[in-house]
Amino acid sequence: MQALVIYDTKFGNTEKVAQAIGEALAPQGQVAVVNVADARPEQLAGVDLLVVGSPTWGSRPTPAISKWLKGLPAKGLKGVRVAGFDTRGDMSQVTSRFVTVLVGFLGFAADPISARLEKKGGTVAIGPEGFVVVDREGPLKEGELERAVEWAKRIAGESGVPEGAR
Ligand SMILES: Cc1cc2nc3c(=O)[nH]c(=O)nc-3n(C[C@H](O)[C@H](O)[C@H](O)COP(=O)(O)O)c2cc1C
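Residues numbered from 1 in each chain as written. Predicted model: local features only at pLDDT ≥ 70, side-chain atom pairs only at ≥ 80, totals over all residues. Heavy atoms only, no water.

Caption draft 1: Local environment of the environment of Lys 78. As for its position among the elements, Lys 78 is in the loop between helix H2 (63-71) and strand E4 (81-88). Classification of Lys 78 as exposed rests on a relative accessible area of 66%. Each C-alpha atom of the pair Lys 78 and Gly 122 lies 5.3 Å from the other, and the pair is 44 residues apart in sequence. Excluding anything up to four places from it in sequence, Lys 78 contacts Lys 120 and Gly 121. (Helix = DSSP H or I, 4+ residues; strand = E, 2+ residues; numbered from the N terminus. Buried < 20%, exposed > 50% of the residue type's maximum accessible area, 1.4 Å probe, protein only. Contact = heavy atoms within 4.5 Å.)

Caption draft 2: Quick look at the site of the ligand. Taken together, 18 residues lie around the ligand, and Thr 9, Asn 13, Thr 14, Thr 87 and Arg 136 are the ones closest in. Between the ligand and Thr 9 there is a distance of 2.5 Å, counted from an oxygen atom to a side-chain nitrogen or oxygen. A distance of 2.5 Å is found between an oxygen atom of the ligand and a backbone nitrogen or oxygen belonging to Arg 136. For the shell around the ligand, the secondary-structure elements that each account for two or more residues are helix H1 (13-25) and E4. A per-class count over the shell around the ligand returns six nonpolar, nine polar and three charged. (Near = heavy atom within 4 Å. Polar contact = N/O pair within 3.5 Å; in protein donor to acceptor, adjacent residues only side chain to side chain. Nonpolar A, V, L, I, M, F, W, Y, C, P; charged D, E, K, R; others polar.)

Caption draft 3: Representation of the pairing of strand E2 (residues 30-35). Across six bridges, the pairing between strand E1 (residues 2-7) and E2 is parallel. Within E2, the position partnered with Gln 2 by the bridge is Gln 30. (Pairing = 2+ DSSP bridges.)

Caption draft 4: Examining the packing of H2 against helix H4 (residues 110-119) more closely. Remark: H2 packs on H4, axes separated minimally by 10 Å, with the N-to-C direction vectors making an angle of 15°. In terms of orientation, H2 lies roughly parallel with respect to H4. When you trace H2 past H4, the crossing you get is left-handed. Between H2 and H4, the residues in contact are Ile 65, Leu 69 and Lys 70 and Ile 113, Arg 116 and Leu 117, respectively. Classifying every residue of the contact of H2 with H4 by side-chain character gives four nonpolar, no polar and two charged. (Axes fitted to C-alpha atoms, helices over the stretch in contact; angles between N-to-C directions. Parallel < 35°, antiparallel > 145°, perpendicular 65-115°, else oblique. Left-handed = near helix turned anticlockwise from the far one by under 90°.)

Caption draft 5: Focus on the packing of aromatic side chains. Under the criterion given, the structure shown has three aromatic pairs. Aromatic pair Phe 85 and Phe 131: ring centres 6.1 Å apart, planes at 65°, arrangement edge-to-face. Taken together, the residues span a long stretch of sequence, with Phe 85 in strand E4 and Phe 131 in strand E6 (residues 129-132) at a distance of 46 residues. We note that Phe 85, like Phe 131, is buried. Ring geometry for Phe 131 versus Trp 151: centroids 6.1 Å apart, planes at 75°, classification edge-to-face. Taken together, the residues span a long stretch of sequence, with Phe 131 in strand E6 and Trp 151 in helix H5 (residues 144-157) at a distance of 20 residues. Here the aromatic residues Phe 85, Phe 131 and Trp 151 are joined through ring pairs into a cluster of three or more. Note that Arg 88 overlies the ring of Phe 108, its terminal NZ or CZ placed 3.7 Å from the centroid. (Phe/Tyr/Trp six-rings, centres within 6.5 Å; stacked < 30°, edge-to-face > 60°. Lys NZ or Arg CZ within 6 Å of the ring centre and 35° of its normal.)

Pasting the structure below:
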């Protein structure tokens, strides 16, 4: 398996999740964890698992992640397993019913990331997932890094490739 984890981050939380996902995938093969600001098209060569993560900004991925996804060649992810994740605010702390309903309607960044990866020809390896930060700048809520590791291990486990052949 050759995996690429692309992420954006403003306050460092999404980077931490991306690194944890990268470490969880590492036993399965070669893994690169790359900030979207440093991403180059040639890094996609030979990749068979692409994971993309973004902070949720206004229910969407950051502009840098959206631009990167948009720049992928049409059907460029054919034969690539893909997964999207985000970090997001702690909705259990929101007391306004209006905001809760609005956010429930508008959602979070992981869904559009996953949809865009699929649109570019990728095969969704695992459903989009979000990891919660306590305040806008973090830290991550307790247990979220562990949950990210479990999520990543599920991607690896669902590859359908026998252990010895990975
Ligand atoms: C401009 C801006 C918009 C945001 N919009 C949302 C939002 O719509 N929904 C949400 O759950 N969190 C929102 N947040 C909180 C971010 O998701 C949080 O800052 C991010 O997960 C932290 O990731 P980072 O440390 O990698 O930057 C927003 C934060 C910023 C700075």
